[in-house]
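Single-letter residue listing:
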Amino acid sequence: MARQGRRRDRLQWSKLYSFACVRPTVLDDEQPSSFVGPGYSRIVHCNQPQLHRKKPLKYTSNYITTTKYNIITFLPKALFEQFRRVANVYFLLAAVLSLTPVSPFTPVSMIAPLAFVVGLSMAKEALEDWRRFMQDLKVNSREVSVHRAEGQFSYKQWQNIRVGDVVKVEKDQFFPADLLLLSSSYEDGICYVETMNLDGETNLKVKRSLEVTLALDDDQTFRDFTAIIRCEDPNPSLYTFVGNIDFEQQLHSLEPNQILLRDSKLRNTTYVYGVAIFTGHDSKVMQNATKSPSKRSRIEKKMDQIIYFLFTVLVLISVISSIGFAVITKYKMPDWWYLRPDKGTSLYDPKRAALSGLFHLITALILYGYLIPISLYVSIEVVKVLQATFINGDVLMYDEDTGNHAQARTSNLNEELGQVDTVLSDKTGTLTCNQMNFLKCSIAGVSYGVLSSEVEIAAAKQMESEATGTPRPQSGTHDIWRDDAYIHGSPATDLIHEKKFTIDNPRKPPIKGFSFEDERLMHGNWAKEPTADTILLFFRILALCHTAIPEPNEETDGFTYEAESPDEVAFLVAAREFGFEFCKRTQSSVFIREKYSPSEDSIERELKILNLLEFNSKRKRMSVIVRDEIGKIFLFCKGADRLAKNGRLYESETSKHLTEYGEAGLRTLALAYKVLDQSEYSAWNAEFLKAKTTIGSDREALVERISDLMERDLILVGATAVEDKLQKGVPQCIDKLAQAGIKIWVLTGDKIETAVNIGFACSLLRQGMKQIYLSTVNNDMLVQDANKAAKENLSMQIANASRMVMLEKDPYEAFALIIDGKTLTYALEDDMKNNFLNLAVNCASVLCCRVSPRQKALVTRLVKEGTGKVTLAIGDGANDVGMIQEADIGVGISGVEGMQAVMASDFSISQFRFLERLLVVHGHWCYKRIALMICYFFYKNIAFGLTIFYFEAYTGFSGQSVYDNWYMLLFNVVLTSLPVITLGAFEQDVSSDVCLQFPALYQQGPKNLFFDWYRIIGWMFNGLYTSIAIYFLNIGMLYHQAFRAGGQTADMAVVGTTMFTCIIWVVNVQIALIMSHFTWIQHLFVWGSVATWYLFLVAYGASSQTISENSYQILSEAIGPAPMFWIATVIVTCACNIPYLVHISFQRMFNPLDHHVIQEIKYYKKDVEDQRMWKREKNKARQKTKIGFTARVDAKIRHLRGRLNKRVLSTSPKTVQEQII
């Protein structure tokens, strides 16, 4: 009933489904019991939010936060994060000890670097969390209309909504909290809701209010509205709700169908009224969210282990130094009269040598601290920020449609991108656009549609290239879907032409959802076909068998369709293009405009909808029963598989076409019909209505059985074949990731059938792949017994499937594991999850369907912890936040709906296809850069730090450093920092194009070839050798002879400066040998660092003697004129770097890594001169995989070759007979 002129939409959904006409409003005989006990204690006073401002009814506010810190917790939590790094703990202790007299350095020189390192890292954390806070502020500040008082509504921010508030949500707005639907703009109280942010599905869901609240259809009706809701406590289950409402002194049961969940969206409905039940973090979507975790990369964790090892070495040599100092103090110091041992302090007292040794231990711990590089963390932070900047600025990951770049939202995990073992992906909005294209069909045993699918085109092109010897273009530089070519001239391609493939470039379809081309059916030509009557039935089934609603489109003067699945839309668009346009739906009828030829006017026909039998995963069919204009009753069915004896006329040919369509990667459905007489229908309908109005747990089973009785003895008409409209580049991306050795799991809220079809479309599944379905059986036992039986049954299924996988001998055989959310609940329990995981990792692909957001997160945790390898989760909706945060790396797609996934992610991209470049290129580079950088950092600090220890041992463990304080301060901060930053930021073993052409290079990351203990220890030994060579070669050359022309020997300042000069040269030449990719930046910083050292010596020596002390004019007067200084520099530099040069030469010659081979090929330009070798190497660099487009094409080729061989064998005897004749 409309009030004050307000329009009410008149379409009543309940009357569309004629079987839904009975809807209980009040449970008279069986009043719902009051909910008591834990889990069912929530009481909501509708339209009285003031009652929820104090306990015990005070519930959480609607304010939400996804940040890691707040003003109070930032300082303690951020400091805790920084001092989780063991090196920072060491330097904190060293800074405290620097305040004591035992320190060999000034306090400022120890405290300032630590404060700089920690402060910079904390500032970076604060900036990243500030961005999360601003996004939360944006969501909390959204406004919605809320009832104030006296029937007056006004806008209020989301964060101010309280439990009990009556909210008015308008079309295309998000629901601000979990609401109980009271009424809508439709008289029947229904509304359309899009739940993409919750379960990933873009098809609309129908929600319906209680009949008793339908009168609350206007603002003024809420003036005196009150009610009490008793319901379940906050929980994460999206698909269940238990409660009741006490309204007008009557108790009514509530169901999930009346609940509007936060972050879902109102569509195709002018407005709805609802009352807030769960707000803020009590809402179901937030209950499914997890706290923002603090993620650390595996390399960083291993780096802590290295620092533990170096700290052990540090303590060991400090103890040696301490013992040595105590021994010398006790036994030799009394003889050194010039040290005045009779006036010794506790720091060096021969009478208390043990105490002196203990004090010296502290001195040694600080002195040898250069073994542990404090600037390592700062350098890594700088490098990671630069790497993130390069990722953000990559124009090849820029989406022109949205104007969005890729974004590294945190730089902590850059190197993890290069070590991913498993990708866990959402489906809707991530892999798909939810758009289908009608491509082919089979009618009356004849196949129509001349265009080819992407799978057919790629298979044909590869077979042609192999048959003619022309190298197949690689997907790294060439797109097989966009090539203009025809295939001809070989037996293989003759077979392809026999199949009527069209290999020319498939033009972009001018009509969305319709890519069909065949003049035999278009423009009314179908009427000329010999089976025109059957074709007419086929088109009518397309136009009638659905649940869609037409919406007038003013721009095109046509209609757009809102349907429960995207393939229904494709069928309706196809029917329209064939001349059968679905134009109107009323409460009991469907109207179609039929146009048999372009020259004729269309005829509008009305068909009465008698019943609609909905699709479900068990029947795998959908049917509609209609009465035409002359009173004839038809049943039209999609997904038919129960044919009458006289309905199998086209079965053989249609089955053949279905197989071909499936091999081509298309989604198929068989269409059938049967004619009903009135008496048969009336008898069945009475049984059907009786089943629909049954109350009890067996209701659904009864409805299904009665539906099944009707869907028998059908007459086959034909079949449809639609191509999934995936996001651009998804099959190529999945193919490249598979070739790189990355496993891919799909976790979706969609039903199994949709997920499987998408799996086929993006080549995670293919024809011939054995599919393992894990499911639970419903039984009528008690809950406890039923759960036990279900677990035992599932355990048996997993055991049998694992046995089947292990016993498989065919190397080409592949298995796909498919499981639904209910079964997954049992599979994730502690006593079963390991067996489930073992089965899953042995399958080529895994699809988890109908899973909740929490289950997504639990599966991600299982894979991460169970395999111990790096996992990456990617999604675009709020339902993906849990798994994004749980995975080692979370990637959010900045899609059209919401930014929750992006805000919770570590990296964001605009489309799934950019994941290929993010991992295979940037991930590979970042991993190698960080790994080499850290190894080099430890190498140079070991080489430098151990020379101090050798000098200590040489000088009686005096605690005196051989190097000037300024030298030591500048070593890590200035003189060796910039070259190592260029190594971490700019190093490339191969170019980006080569990374994509040789995806197997990516496996260097997951195998951890560049940061395993073998390589780490190798670099440590290199540093040990370098320290020995530097120290002893310099001492050997400078100790026994005059250093200057005047006969003066080298003093400590000269020895220290000469050794330090050698160190600067050695470590910079070493980093130059490591680098594979040089630009002017590397040259500037590497050789500029060496030049800076000499400039510093000039400036430092020229300063006043109070500053330079023993280094006054040291370069110009002391070491510069001495030939021995320059000779020592050259000899030591060569002696230290020649072993590494020999090692790398030997490795490249006798045991080269993949990138070594590619570098040499590129250097000698063999990729241009010898294409055959280049192609061979690229084929080697492809991981053997059973999923992806390449694997699918290979399977198609094996199939075609098998047919070709059979043809050759069948024709060879005739050829022999002809030769004899």
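Remember, it's a predicted structure, so these values are computed and weren't measured experimentally.

With that out of the way, let us pick up empty space enclosed by the protein. Rolling a probe over the atoms, with the probe sized like a water molecule, indicates the empty space that remains. Enumeration over the complete set of coordinates arrives at 5 cavities of 30 Å³ or more. In this structure, the largest cavity is lined by 24 residues; those nearest its centre are Lys68, Glu125, Ser294, Lys295 and Asn412. Residue assignment for the lining of the largest cavity shows that the elements contributing at least two residues are helix H2 (74–82), helix H4 (107–140) and helix H24 (900–904). If one sorts the elements of the lining of the largest cavity by residue count, H4 sits on top with 5 residues. The residue makeup of the lining of the largest cavity, split by class, is 4 nonpolar, 8 polar and 12 charged.

In this section: the environment of histidine 1155. Secondary-structure assignment places histidine 1155 in helix H35 (residues 1154–1163). Look at histidine 1155 and you get buried, because its relative accessible area is 5%. Considering only alpha carbons, one finds histidine 1155 and glutamine 1004, 151 residues apart in sequence, at a separation of 9.7 Å. In this structure the side chain of histidine 1155 is engaged in a polar contact, spanning 3.2 Å, whose partner is the side chain of glutamine 1004.

Right, let's talk about the sheet that holds strand S3 (residues 152–157) for a bit. Hydrogen bonds along the backbone pair up the strands of a sheet, which may run parallel or antiparallel. Read from one edge to the other, the open sheet built from 6 strands follows the order S3-S2-S4-S13-S5-S11, with strand pairing classed as antiparallel. Since the sheet does not close on itself, it has two edges, and those belong to S3 and strand S11 (259–260), each with one partner. Bridging between strand S5 (residues 178–184) and S11 involves 2 bridges; their strand directions are antiparallel. Following the sheet pairing, leucine 180 is matched in S11 by isoleucine 259.

Turning next to the pairing of strand S31 (residues 870–875). Buried residues dominate S31, accounting for 6 of its 6 residues. Both faces of S31 are covered, namely the face carrying Val870, Leu872 and Ile874 and the face carrying Thr871, Ala873 and Gly875. As paired elements, strand S15 (residues 420–425) and S31 share 5 bridges and run parallel to each other. Residue serine 425 lies in a different strand from S31, and its bridge partner there is isoleucine 874. Pairing between S31 and strand S32 (residues 889–893): 4 bridges, direction parallel. Residue glycine 875 lies in a different strand from S32, and its bridge partner there is glycine 892. Handedness of the crossover is the feature at issue here: the chain leaves S31, passes through helix H23 (residues 881–886), returns alongside S32, and the resulting connection is right-handed.

A separate point is helix H31 (residues 1080–1102). For H31, which comprises 23 residues, the first-to-last C-alpha distance of 31 Å matches the rise-based estimate of 33 Å (1.5 Å per residue) to within 8%. Where H31 bends most, the angle comes to about 30°, and this point is glycine 1088. Looking only at H31, the buried set comprises Ile1081, Gln1082, Val1086, Ser1089, Val1090, Trp1093, Tyr1094, Phe1096, Leu1097, Tyr1100 and Gly1101. The elements touched by buried residues of H31 are helix H26 (965–975), helix H27 (977–986), helix H30 (1052–1074), helix H32 (1105–1108), helix H33 (1114–1119) and helix H34 (1123–1150).

Between H27 and H31, the least distance of the axes is 8 Å, while the angle of their chain directions is 160°. In terms of axis orientation, H27 runs roughly antiparallel to H31. H27 and H31 meet at a crossing whose hand is left-handed. Contacts between H27 and H31 involve Leu978, Pro979, Thr982 and Phe986 from the former and Ile1081, Gln1082, Phe1085, Val1086 and Ser1089 from the latter.

This next bit is on the confidence of the model for the protein. With 84% of its residues at a pLDDT of 70 or more, the protein shows a mean pLDDT of 80. In this model residues 469–506 is a low-confidence stretch, pLDDT under 50, and it forms 76 contacts with partners more than four residues away in sequence or in other chains. Counting contacts from residues 1215–1221, a segment whose pLDDT is below 50, to residues more than four positions away or on other chains yields 0 contacts.

Here H26 crosses H30 at 15°, and the two axes come no closer than 12 Å. Classified by the interaxial angle, the pair formed by H26 and H30 is roughly parallel. In the packing of H26 onto H30, the handedness of the crossing is right-handed. When H26 is examined against H30, the residues Tyr967, Phe971 and Leu975 are found in contact with a partner set consisting of Thr1057, Phe1060, Ile1063, Ile1064 and Asn1068. Across the contact of H26 with H30, the residue classes break down as 6 nonpolar, 2 polar and no charged.

The rules we used
Residues numbered from 1 in each chain as written. Predicted model: local features only at pLDDT ≥ 70, side-chain atom pairs only at ≥ 80, totals over all residues. Heavy atoms only, no water. 1 Å grid on protein atoms, 1.4 Å probe; cavity = no way out; pocket = protein on both sides within 12 Å on 5 of 7 lines; lining within 4 Å. Points joined across faces, edges and corners; volume = space filled by probe spheres on them. Helix = DSSP H or I, 4+ residues; strand = E, 2+ residues; numbered from the N terminus. Nonpolar A, V, L, I, M, F, W, Y, C, P; charged D, E, K, R; others polar. Buried < 20%, exposed > 50% of the residue type's maximum accessible area, 1.4 Å probe, protein only. Polar contact = N/O pair within 3.5 Å; in protein donor to acceptor, adjacent residues only side chain to side chain. Pairing = 2+ DSSP bridges. Right-handed = clockwise from strand over helix to strand, strands pointing away. Expected span 1.5 Å × (residues − 1). Bend = angle between axes of the 7 residues up to and from the residue. Contact = heavy atoms within 4.5 Å. Axes fitted to C-alpha atoms, helices over the stretch in contact; angles between N-to-C directions. Parallel < 35°, antiparallel > 145°, perpendicular 65-115°, else oblique. Left-handed = near helix turned anticlockwise from the far one by under 90°. pLDDT = per-residue confidence, 0-100.

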